[in-house]
Amino acid sequence: MDWQLLLGQATANGLVVGLLYLLMAVGFTLVFGVMRMVNFAHGEFYMLGAFAAYTLVVKLSLPFLLAVALSVVLAIVFGSLVEWLVLKPFRKDELNGMIATIGLAMILQNVALLTFGPDPVSLPPIATGASTVLGVTVANSRLYVVGFALAVLLLLYAFLRHSPVGRGLRAVVEDADIAAIHGVRARIYYPLGFGIGIGLAAIAGALMAPLFSVSPFMGQTPLLKAFMVVILGGLGSIPGAAVAGLCLGLLESYSTLFMSSSTADMLIFILVVVGMLAFPRGLIGRGEA
Amino acid sequence: MKAHAPQFLAAALLGGLALGASAQETLKIGALVTLSGPGAAWGQAMKNAAELAADKVNAAGGLDVAGRKYKVEIVAYDDKYQAGEAVTVANRLVFEDKVKYLIGPTGSAPTLAVQPITEKNQVLTSTLGFTNKALSPDKPFSFRPVITTYEIADPQIAWLVKQHGVKKAGGLFPNDESGQVIARDLEAAYKRAGGELSAKEFFERERVDFVPLLTRMLARGIDTIELDGNSPGTAGLIAKQARELGFKGKIVRTGGPATAEIVNVAGKEVSEGMMVHAVLDASQPAMQEYIASYTAKYKVAPNGFSPSYYDFTNMLFESMRRAGTVSDSAKVAQELGKLSNFEGVLGKLSWTGKESYGTDHQLAVPFYVAEIRNGVEVVRARCTVAEGCK
Amino acid sequence: MTTQVIESKLSPVASAPAPAQRRSPWLVPAALAALLLAAAPWMSGQFVLHLAILACINVVIVNGLSLIDRCGQLSFGHSAPVALGAYGSVLLASGTGLGPVVSTALAAIGVGLVSGLLGWVILRLRGVYFVLVTFAFAELVRLILLDAAPITGGANGIASIPPLQVAGLVFDTRERFYALALGAAIASVLLMVWLFRRPLGQALNAVAANPTLAESTGLSVLRLQIVGYMGGCMLAGIGGALTARYIGFISPESFNTGASVAFITMLVIGGRKSLYGPVLGALVLTPLPELFRGAVQTQHIFYGAALILILRFLPGGIAGLPRLLHKGVAK
């Protein structure tokens, strides 16, 4: 078989999946950076984003883009509320905060189970057919998703770099105490940081919803991937999470070409564990040890 | 009011007498099924089918065995498709609820885990699990009402290879006990039919992105994708993503009824022309009646495995009538094993399996190869375990 | 003595200076209640026995988790040593023909060695990083068990595991196995109590409270944590071996992240600070699914809410209740 073509196809596949991991991981690391909390419920927010898109598109017949935008807004609001009402006592309390998010995850997943039932549901596709570029075939729906995801990332970048609120958020992630001295108010930034962090997860869920099916259990795997990406990229480092997310997507895609899926999974796990031990600050070196 | 009172009183008295005369006992039948997580669709179908059969018999005044009437009650618990949970549920059903007959378990692993308990306590089980270890001569109380890949693969694949020229097939399978068993059986069947299952990929059950695996598989030059072994939703996703990758060959599913869900997930365009294994022949009147009553009560179309359980529950009732007892499960099991050419909604049913498992506790149901046209199954060949597909 | 005098002078509450005096009115009734509770399953039927056995095995496993927690590190992958102990003892027995007891002991030692090695590598990490790595490691173990089908049976698992046999006494009835499980549970609690009275236990406490300070007083934090980690994993391995011999069937699915989360839930709800926390957690949470069996989702929502509420308002878990009540009463 033509190896160049195969590699090209694998690269395209890997980049699409890598974008998903990127969105999940950046949100995850943002939450950690702001609140020093490992959010075990991150995957459930991904799932909720997907269900929000599903409900808006299938039950209310809204166009897809509008549904995604609405889902994100809803997610940010919901996330901020959750942080303020439930997680406030655990800010800065790493271990207990983690366990609290486990409890949160259990509640969210089972509420979804009660509301939607255990069977997967699907959305109508946003586009049909596929395009072939340079011999590599990518489904049109995936191309659209990549486009939207890139748009989201650009927005995020602009927000963090240029808006005063965004800069404040980055300051809190870098060093919360110094930020406080400069007048950055924790009361706003904690809920906001959490809201945006899980909002990114919700966007990922909403964007991926038409590609894969939507079920209350769909958040487990993205959570695990988010863990691995931030371990590689460094907890608390946004650029680290971004680069590591893409790398993981590509790595998975290439390794599946050469070996069976489960062997690939195992190797990647081992790599991640070794990577964490060798580079505690993350491969990019900007995380916190 | 006053004028009607004496009539009401009389009616009440008569009604009371009538009830008193046929003092109804309750017959509890347990359902050890998967109601959450993967496999929930099947577990739910099993429970619903049994309840439908119970409803029918109760509406006719109860199950009449040796002159006594019994109200049939289905007691269902969820085993979450996990062996450990299944054991706890089995403990509860056998020792607390004291049932002697079980619908289920749904999965192979839970079945193997609970069989030591059910066999020791003479409790009948009716597994959906495809593992060939579930039936054996030293498990006289274990039965299987659904046919497995082992029984249907050969005739169907032989027909597909002959009629449609399938040569090199590839399949994606979940990395669990059913997936592994089915992959093994399919490989053998393709070889015997003169074709080849040249690509087998296993994946973690929760996976939703199959593009990397499909890329790997398509690179081997297959002409057919085999969807058997996957849950209905997953099968739909695989088909959809394969077409998105530009796969132009055949897509078949030689086992596991799932057409409605596949069409739902993959869309009518992708599923057009798929050759699938079908258990229902919707043109038969008995089946139409079953579908109608199932849909009326549960508001969804019946899953392909549910008619097997509807028929099995009725066979159980018939065995109890012939044995003259509901409490002596050993006698009932014996009568059950002796039933042959039983009229069910699936057709004429008999037991088979001695060659493969050492005991005739596998239900031989007729089945079909169908083509999906515009989202609906159209029967193209009729098959039986004994005679193959025509 | 001096401390007691100071305490009694400082507390506005009239005397009752003594923890000793405070304990005695409760000690005898509590012991009686515990005895009754322990004996009850033998008189209550097969299903209750089944739940009691599972609860006792959970006590052993969660005590292991508690031991690791008391070294200052929380393991989010406790299902891994349980799985290794289960598979280890079964495979050793079937592969080498050694008796079940010997292979269980050997498996426990094996788990100890593996976790010692692993601990030596990963215990250098702190807090959240340790958590993530243990999580990842547990998933890795599950994947390996799933994939090594020729040895482990893969997804099919291993069925028809022969029951335990000690000197001709076969543990194949629930009554007998309950005696065994109860013994193991009590032994694990006694072990914890004994350990934390000794210098080693004190050292572990010191390490957990303030690692830097402990290091500066000459204690080797890493070595102590490795010892604690090994001990905790061995207890888990023994629990796993017992599970295998009782249920008679093991598969990788029984040892997934859900199991790890369940153990943490039991520890936290029972009480992380108390030596009886694991017992309370296991006792309360093992039978609970049976009450909820009709409504699985509601049950999990309840767990999640309970976790959050306990962390927030009752950090001592259920074991912390008596102290809270006492404070209330003493006022």
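Keep in mind the model is a prediction, meaning the values are calculated, not measured. (Residues numbered from 1 in each chain as written. Chains lettered and ligands numbered in written order. Predicted model: local features only at pLDDT ≥ 70, side-chain atom pairs only at ≥ 80, totals over all residues.)

A. Region of the structure containing the nonpolar core. The biggest cluster of nonpolar side chains holds 327 residues, and the ones touching the most others in it are Ala25, Ala50, Ala53 and Ala202 of chain A, Met46 of chain B together with Leu307 of chain C. The element best represented in this core is helix α1 (residues 3-35) of chain A, accounting for 17 residues. Each of two domains, domain 1 (23-144 + 283-364) and domain 2 (149-279 + 369-389) of chain B, supplies a minimum of three residues to this core. Setting aside chain neighbours within four positions, we find alanine 202 of chain A in contact with Phe45, Tyr46, Leu48, Gly49, Ala52, Ser71, Val72 and Ala75 of chain A. (Core = buried A, V, L, I, M, F, W, Y, C linked by C-beta atoms within 7 Å. Buried ≥ 20, exposed ≤ 12 C-beta atoms within 10 Å, placed from the backbone. Helix = DSSP H or I, 4+ residues; strand = E, 2+ residues; numbered from the N terminus. Domains from an automatic or database assignment. Contact = placed C-beta atoms within 7 Å.)

B. Structural context of the interface of chain C and chain B. Contacts between the two partners involve 19 residues from chain C, matched on the other side by 21 residues from chain B. A total of three residues in the side of chain C that touches chain B trace back to one element, the largest contributor, which is helix α3 (residues 46-69) of chain C.

C. Examining the domain arrangement of chain B more closely. Residues and elements named next belong to chain B. When its domains are assigned, chain B resolves into domain 1 (23-144 + 283-364) and domain 2 (149-279 + 369-389). The centre of domain 1, based on its C-alpha atoms, is set 28 Å off from the matching centre of domain 2. For the side of domain 1 that touches domain 2, the secondary-structure elements that each account for two or more residues are α4 (108-120) and β14 (362-364). Per-class residue counts for the side of domain 1 that touches domain 2 are nine nonpolar, nine polar and no charged. (Nonpolar A, V, L, I, M, F, W, Y, C, P; charged D, E, K, R; others polar.)

D. Geometry of the interface of chain A and chain C. Across the contact, 33 residues belong to chain A and 32 residues belong to chain C. Counting only elements with at least two residues in the side of chain A that touches chain C, the list comes to α4 (94-116), α9 (220-233) and α11 (261-278) of chain A. Considering every element that reaches the side of chain A that touches chain C, the biggest residue donor is α4 of chain A, with 15 residues. Its residues assigned to classes, the side of chain A that touches chain C comprises 27 nonpolar, four polar and two charged.

E. Representation of the sheet that holds strand β4 (residues 102-103) of chain B in the model. All names here are of chain B. The four strands lie next to each other as β2-β3-β1-β4, forming an open sheet whose pairing is mixed. Both edges of this open sheet fall to β2 (63-65) and β4, since each of them pairs with a single strand only. Pairing geometry for β2 and strand β3 (residues 68-78), over three bridges, is antiparallel. Bridge assignment links aspartate 64 to a residue of β3, and that residue is lysine 69. (Pairing = 2+ DSSP bridges.)

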